[in-house]
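# Topology and contacts: notes
What follows is each chain in one-letter form.
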Amino acid sequence: MNRREALILTVLRDGEKYGLELREAHGKLAGRAMPLGSLYTPLHRMEAKGLVRSRQGESEGARGGNRRRWFRLTAKGVRGLDAWLASAEATLRALGGLA
């Protein structure tokens with residue numbers, strides 16, 4: 001898992017989100033915007049690994065009939081994120097970055 005994936009999973013800990021919501025929350029957490037196209041590649045990769053699941057939302061007239069794709073964290077995603085965070089914390093401790 002890389003940093004971008006970990007940030008996406010962290011955002012999904014708060015609940016199911018669609019692409020634009022994910023992108024905005026990721027930007028706040030990371031401190032910089034992410035191109036929307038750069039979001040879907042890691043999401044599809046994480047879905048293939050079983051870390052997230054997606055579903056197609058209902059058709060919305062306000063969106064011209066387009067449907068949102070909603071993503072949520074799976075139990076495997078929670079475990080993977082927890083392991084990644086523990087590893088990152090251990091690395092920081094070893095480097096003297098955490099007390």
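Because the structure is predicted, anything quoted here is derived from the model rather than measured. (Residues numbered from 1 in each chain as written. Predicted model: local features only at pLDDT ≥ 70, side-chain atom pairs only at ≥ 80, totals over all residues. Heavy atoms only, no water.)

## Focus: the overall build of the protein chain
Here is the rule: Numbering of helices and strands starts at the N terminus; helices are DSSP runs of H or I of at least 4 residues and strands are runs of E of at least 2. Burial classes follow relative accessibility: with a 1.4 Å probe on protein chains only, a residue under 20% of its type's maximum area counts as buried, one over 50% as exposed, and anything between as partly exposed. Working rule for contacts: check all heavy atoms of both residues, and any pair within 4.5 Å makes them a contact. Surface accessibility in these figures is a Shrake-Rupley result with a 1.4 Å probe; residues are shielded only by whichever protein chains are displayed.
Assigned secondary structure in the protein chain consists of 4 helices and 3 strands. Starting at the N terminus and walking to the C terminus, you meet the elements of the protein chain as α-β-α-α-β-β-α. Split into buried and exposed, the 99 residues of the protein chain put 28% on the buried side. For the protein chain, the share of sequence-separated contacts (at least 6 apart) that also reach a separation of at least 24 residues comes to 50%. If you sum the accessible surface of the protein chain, you get close to 6100 Å²; carbon and sulfur atoms cover 51% of it.

## Focus: the nonpolar core
Short version of the rule: Throughout, nonpolar core names a set of buried Ala, Val, Leu, Ile, Met, Phe, Trp, Tyr and Cys residues whose side chains join them through atoms within 4.5 Å.
Core analysis: the biggest nonpolar cluster contains 15 residues, and Ile-8, Leu-9, Leu-12, Leu-22, Leu-43 and Met-46 have the highest contact counts within it. For this core, the secondary-structure elements that each account for two or more residues are α1 (3-12), α3 (37-48) and β3 (67-73). Counting residues per element, this core draws most heavily on α1, which supplies 5 residues. Those residues within four positions of Leu-9 in sequence are excluded, and the remaining contacts are Met-1, Met-46, Leu-51, Val-52, Leu-73, Gly-77 and Leu-81.

## Side note on helix α2 (residues 19-30)
For clarity, the cut-off: Each residue after the first adds 1.5 Å to the expected span of a helix. For this quantity, the arc is that covered by the directions from the helix axis to the C-beta atoms.
Counted at 1.5 Å a residue, the expected span for α2 with its 12 residues is 16 Å, and the 16 Å between its end C-alpha atoms agrees. Here α2 has its buried residues at Gly-19, Leu-22, His-26, Gly-27 and Ala-30. Around the axis of α2, the buried residues are gathered within 130° of arc, so they sit on the same side. Tucked inside the fold, the buried residues of α2 contact α1, β1 (17-18), α3 and β3. Remark: Gly-31 follows α2 within two positions and exhibits a positive phi of approximately 85°.

This is a description of form; function is not addressed.
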